[in-house]
Amino acid sequence: MKGKIKSGICVAAIVTAASLSTQVYGYKANPTEFGAVSLINTWRVDDELDKKAAEWIESLNLNDKAKEARLKVAVAKHLKAVRNWHNEHPASTVPAGINPLTGVKLSELDRQNIADSAMPATVHTDLMNSLKADLSELQVEAVLDKYTIGKVAFTMAGYKAIVPNLSEKEEATILGFLKQAREQAIDYKSMKQISAIFEIYKTKSEQYLNANGRNWRQMYKEYTDAIKAKKALGDGKK
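All residue numbers refer to positions counted from 1 along the written sequence of the respective chain. Restriction of local features to residues with pLDDT of at least 70 applies here, the model being predicted, together with a cutoff of 80 or more for giving and counting side-chain atom pairs; totals for whole chains, interfaces and linings are based on all residues. As a convention, hydrogens and water are excluded, and side-chain values are obtained from all of the structure's heavy atoms.

J.: Help me understand helix H3 (residues 65-88) in this model?
T.: The periodicity of an α-helix, 3.6 residues per turn, causes residues three or four positions apart to be oriented the same way. Taking 1.5 Å as the rise per residue, H3 with 24 residues should run 34 Å; its terminal C-alpha atoms sit 34 Å apart, in good agreement. In protein, a polar contact requires one atom able to donate a hydrogen and another able to accept it; more generally it is a pair of N or O atoms within 3.5 Å, and residues adjacent in sequence count only if both atoms are side-chain atoms. Only DSSP runs of H or I reaching four residues or more are called helices, and only runs of E reaching two or more are called strands; each is numbered from the N terminus. One side-chain oxygen at the N-terminal end of H3 lies 3.2 Å from the backbone nitrogen of Ala-66; it belongs to Asp-64. By definition here, a helix of n residues has an expected span of 1.5 Å times n minus one.

Structure below.
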């Protein structure tokens, strides 16, 4: 009997702790999720996000424990809020339909991004305000690069390789678009979603080039043709 009582107390304690945890991060879980396995998995993922936040902030080498502590909490809170919103709002919550601009049927990824884009703006602004309060502009960018695995630099390098004699103005404009993509993308959970956000701004960049005397399609074709020719030449020498 005592064993059953103790077991019941443990389960009750777990459920109570889970309830408090979900309130802190605004996560309204289904009551059926409060099995031991589900709770352990949730805590495990929370721990992983805490470690990720810590690694990102420690990589800045701030040498200021108080500042590091604040930033780790802010980043971890944001990561968990993004995850929780994503998990609570699957693609199925967005009705199937068409993109009103293109007439193309919404994909599963489109619908998920629409669902996630409805996350309260305060989740984003709270993080950015915390970062800007304690970090320089370059340090803030370094944190955002961690979220997006350096996609700004990688994508910019692609434009430099594809566009002949890229001007300073063209580079600055495209870089501005890519930085907008990066900041917007941090509010999405998966790399597929982050890449989809970057595609929006890559399209803007290519439209900008076309509108200012460039031919993006032709430049891209010439770039890929040159790569194929180089590869063919290399294969011929083997």
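J.: Looking at this model, I keep getting lost on the pattern of salt bridges. Mind explaining?
T.: Think of a salt bridge as a Lys or Arg side-chain nitrogen and an Asp or Glu carboxyl oxygen that are within 4 Å of each other. Taken as a whole and judged by the stated rule, the model has 13 salt bridges. Across the pair Lys-51 and Asp-47 runs a salt bridge, and its minimum N-O distance is 3.4 Å. Taken together, the residues span about one helical turn, with Lys-51 and Asp-47 both in helix H2 (residues 36-58) at a distance of four residues. Looking at Asp-47, the relative accessible area reads 36%, which means it is partly exposed. Between Glu-141 and Lys-179 there is a salt bridge, and its shortest N-O distance comes to 3.1 Å. Residue Glu-141 is located in helix H6 (residues 137-147), and its partner Lys-179 is located in helix H8 (residues 168-185); the two are separated by 38 residues in the primary sequence. Categorising residues by exposure relies on relative accessible area from a 1.4 Å probe, with only protein chains included: less than 20% of the type maximum marks a residue as buried, more than 50% marks it as exposed, and the intermediate range marks it as partly exposed. When its relative accessible area of 17% is taken as the criterion, Glu-141 is described as buried. You can call Lys-179 partly exposed: its relative accessible area is 30%. Salt bridges linked by common partners bring Glu-141, Asp-145, Lys-179 and Arg-182 together as one network.

J.: Would you mind going over the layout of surface pockets with me for this structure?
T.: Where empty space is left in the structure can be found by rolling a water-sized probe over the atoms. Only protein atoms enter the 1 Å grid used here. Points where a 1.4 Å probe fits but cannot escape make up a cavity, open sets with protein on both sides within 12 Å along at least five of seven lines make up a pocket, and a residue lines them when an atom lies within 4 Å of a point. Grid points are joined across faces, edges and corners, and a volume is the space filled by probe spheres set on the points. Size it by volume and the largest pocket reaches roughly 480 Å³. If you trace the largest pocket, you find 15 residues lining it, with Asn-99, Leu-106, Asp-110, Ile-114 and Ile-200 closest to the centre. Among the secondary structure elements, those contributing two or more residues to the lining of the largest pocket are helix H4 (108-117) and helix H9 (191-211). Counting residues per element, the lining of the largest pocket draws most heavily on H4, at five residues. In this count, Pro and Cys sit with the nonpolar residues alongside Ala, Val, Leu, Ile, Met, Phe, Trp and Tyr, while Asp, Glu, Lys and Arg are called charged and the others, Gly among them, polar. Its residues assigned to classes, the lining of the largest pocket comprises nine nonpolar, four polar and two charged.

J.: Even after reading the chapter, I still don't get the packing of aromatic side chains, so can you show me in this structure?
T.: We describe a pair of aromatic rings using the distance from one ring centre to the other and the angle between the two ring planes. We call Phe, Tyr and Trp rings a pair once their centres come within 6.5 Å, taking the six-membered ring for Trp, and we label the pair stacked below 30 degrees between planes, edge-to-face above 60, and tilted otherwise. Counted according to the given criterion, the structure contains three aromatic pairs. Pairing Trp-56 with Tyr-147 gives two aromatic rings, centres 4.7 Å apart and planes at 55°, and the pair type is tilted. Here Tyr-147 lies in helix H6 and Trp-56 lies in helix H2, a separation of 91 residues in the sequence. Tyr-147 matches Trp-56 in its accessibility class, with the two residues each being buried. What links up through ring pairs into an aromatic cluster is the set Tyr-159, Trp-216 and Tyr-220. Only lysine NZ and arginine CZ atoms are considered, and such an atom sits over a ring when it is within 6 Å of the ring centre and within 35 degrees of the ring normal. We note Lys-151 situated over the ring of Phe-198; from NZ or CZ to the ring centre the distance is 5.6 Å.

J.: I'm lost on the nonpolar core in this one. Help?
T.: Among soluble globular proteins, nonpolar side chains are generally buried collectively. We call a set of buried residues a nonpolar core when its members are Ala, Val, Leu, Ile, Met, Phe, Trp, Tyr or Cys and they connect through side-chain atoms within 4.5 Å of each other. Ranked by internal contacts, the top residues of the largest apolar core, which has 20 residues, are Ile-174, Phe-198, Leu-209 and Trp-216. Of all the secondary-structure elements, those providing two or more residues to this core are helix H7 (151-162), H8, H9 and helix H10 (216-236). Per-element accounting of this core gives the leading share, six residues, to H9. Throughout, a contact is declared for two residues whenever any of their heavy atoms are within 4.5 Å. Those residues in contact with Phe-198, other than ones at most four positions away along the chain, are Thr-148, Lys-151, Val-152, Thr-155, Leu-178, Ala-181, Arg-182 and Ala-185. Grouped together as the second largest cluster of nonpolar side chains are 19 residues, Leu-49, Ile-57, Leu-60 and Leu-127 included.

J.: Hey, could you run me through helix H5 (residues 121-134) in this one?
T.: The end-to-end C-alpha separation of H5 is 21 Å, in line with the 20 Å expected for 14 residues at 1.5 Å each. Those residues of H5 lying buried are Val-123, His-124, Leu-127, Met-128, Leu-131 and Asp-134. Here the buried residues of H5 occupy an arc of 145° about the axis, which is enough to place them on one side. Turned more than 90 degrees away from the buried face of H5 sit Ala-121, Asn-129, Lys-132 and Ala-133, all of them exposed. If you follow the buried residues of H5, they end up packed against H3, H6 and H8. Here the arc refers to the set of directions running from the helix axis out to each C-beta atom.

J.: Explain the side chain of Ser-205 here, please?
T.: Take Ser-205: it is sitting in helix H9. According to the relative accessible area criterion, Ser-205 is buried, its value standing at 0%. With residues near it in sequence (within four places) discarded, Ser-205 still touches Tyr-159, Ile-174 and Phe-177.

J.: Can you walk me through the packing of H8 against H9 in this structure?
T.: Each pair of packed helices can be summarised by the angle the axes make with each other and by the distance between the axes. To get an axis, fit a line to the C-alpha atoms, keeping to the stretch in contact for a helix; angles then go from 0 to 180 degrees between the N-to-C directions. Packing of H8 against H9 brings their axes to within 9 Å, and their N-to-C directions diverge by 160°. Put simply, H8 runs roughly antiparallel to H9. Between H8 and H9 the crossing geometry is right-handed. Along its contact with H8, which presents Lys-169, Glu-170, Thr-173, Ile-174, Phe-177, Leu-178, Gln-180, Ala-181, Arg-182, Gln-184 and Ala-185, the element H9 presents Ile-194, Ile-197, Phe-198, Tyr-201, Lys-202, Lys-204, Ser-205, Tyr-208 and Leu-209. Each angle receives one of four descriptions, namely roughly parallel if under 35 degrees, roughly antiparallel if over 145, roughly perpendicular if within 65 to 115, and oblique otherwise. Left-handed describes a crossing whose near helix is turned anticlockwise from the far helix by less than a right angle; the clockwise case is right-handed.

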